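Analysis of the macromolecular model
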Amino acid sequence: MDPFEKEEFRKSPTVKIPAPGNIRIHPEDPEYHPGSPAETPTSCCVHLRCKSMYYRADERPGLLHKEEQMGYWCDKTVDDLGPDEGLATHRGCQPGRGCYEKGPGGQRG
């Protein structure tokens, strides 16, 4: 028998999962504040990646949102550590780091 056919699963209520952190999906959401620091992408290394850049239209390599709880990775190493063995984060992948490469976002942020 398929475990999801059990009575307990069929009676389970649908769970709505809220949008993560500072991401506001709809302008009518009372917490939606376009242009606020959390809603404005800022510059970082062109090799830094995060999941949100695949669904947020305003993000691209070198221009991402600062999210403390976002899982970042380096596109060069395909790992959460960069080529210099340092952690890949928005705060850490900035000018001055040996493996940093400037992206199209320039020095904003």
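What counts, and at which threshold
- Residues numbered from 1 in each chain as written.
- Predicted model: local features only at pLDDT ≥ 70, side-chain atom pairs only at ≥ 80, totals over all residues.
- Heavy atoms only, no water.
- Salt bridge = Lys/Arg side-chain N within 4 Å of Asp/Glu carboxyl O.
- Helix = DSSP H or I, 4+ residues; strand = E, 2+ residues; numbered from the N terminus.
- Buried < 20%, exposed > 50% of the residue type's maximum accessible area, 1.4 Å probe, protein only.
- Polar contact = N/O pair within 3.5 Å; in protein donor to acceptor, adjacent residues only side chain to side chain.
- Core = buried A, V, L, I, M, F, W, Y, C linked by side-chain atoms within 4.5 Å.
- Contact = heavy atoms within 4.5 Å.

Here we come to the pattern of salt bridges. Evaluated as defined, the whole model comprises four salt bridges. The partner of Arg-49 in a salt bridge is Asp-75, and the shortest N-O contact between them spans 3.3 Å. One end of the pair, Arg-49, is in strand 2 (residues 48–50); the other, Asp-75, is in the segment after strand 4 (72–74), and 26 residues separate them in sequence. A relative accessible area of 12% means that Arg-49 is categorised as buried. One salt bridge connects Asp-58 with Arg-56, and the closest N-O pair in it is separated by 3.6 Å. The exposure class of Asp-58 is partly exposed, given its relative accessible area of 31%.

With respect to the helices, strands and loops of the structure, Thr-42 is situated in strand 1 (residues 42–43). A polar contact is formed between the side chain of Thr-42 and the side chain of His-90, at a distance of 3.1 Å.

This paragraph deals with the nonpolar core. Note that soluble globular proteins tend to have their nonpolar side chains buried in a common cluster. Counting twelve residues, the largest nonpolar core is built from Cys-44, Cys-45, Leu-48, Cys-50, Met-53, Leu-64, Met-70, Tyr-72, Cys-74, Ala-88, Cys-93 and Tyr-100. Put simply, the parts of the chain that give this core at least two residues each are strand 2 and strand 4. Look past the residues within four positions of Leu-48 in its chain and what remains in contact with it is Met-53, Leu-64, Tyr-72, Trp-73, Ala-88, Thr-89, His-90 and Cys-93.

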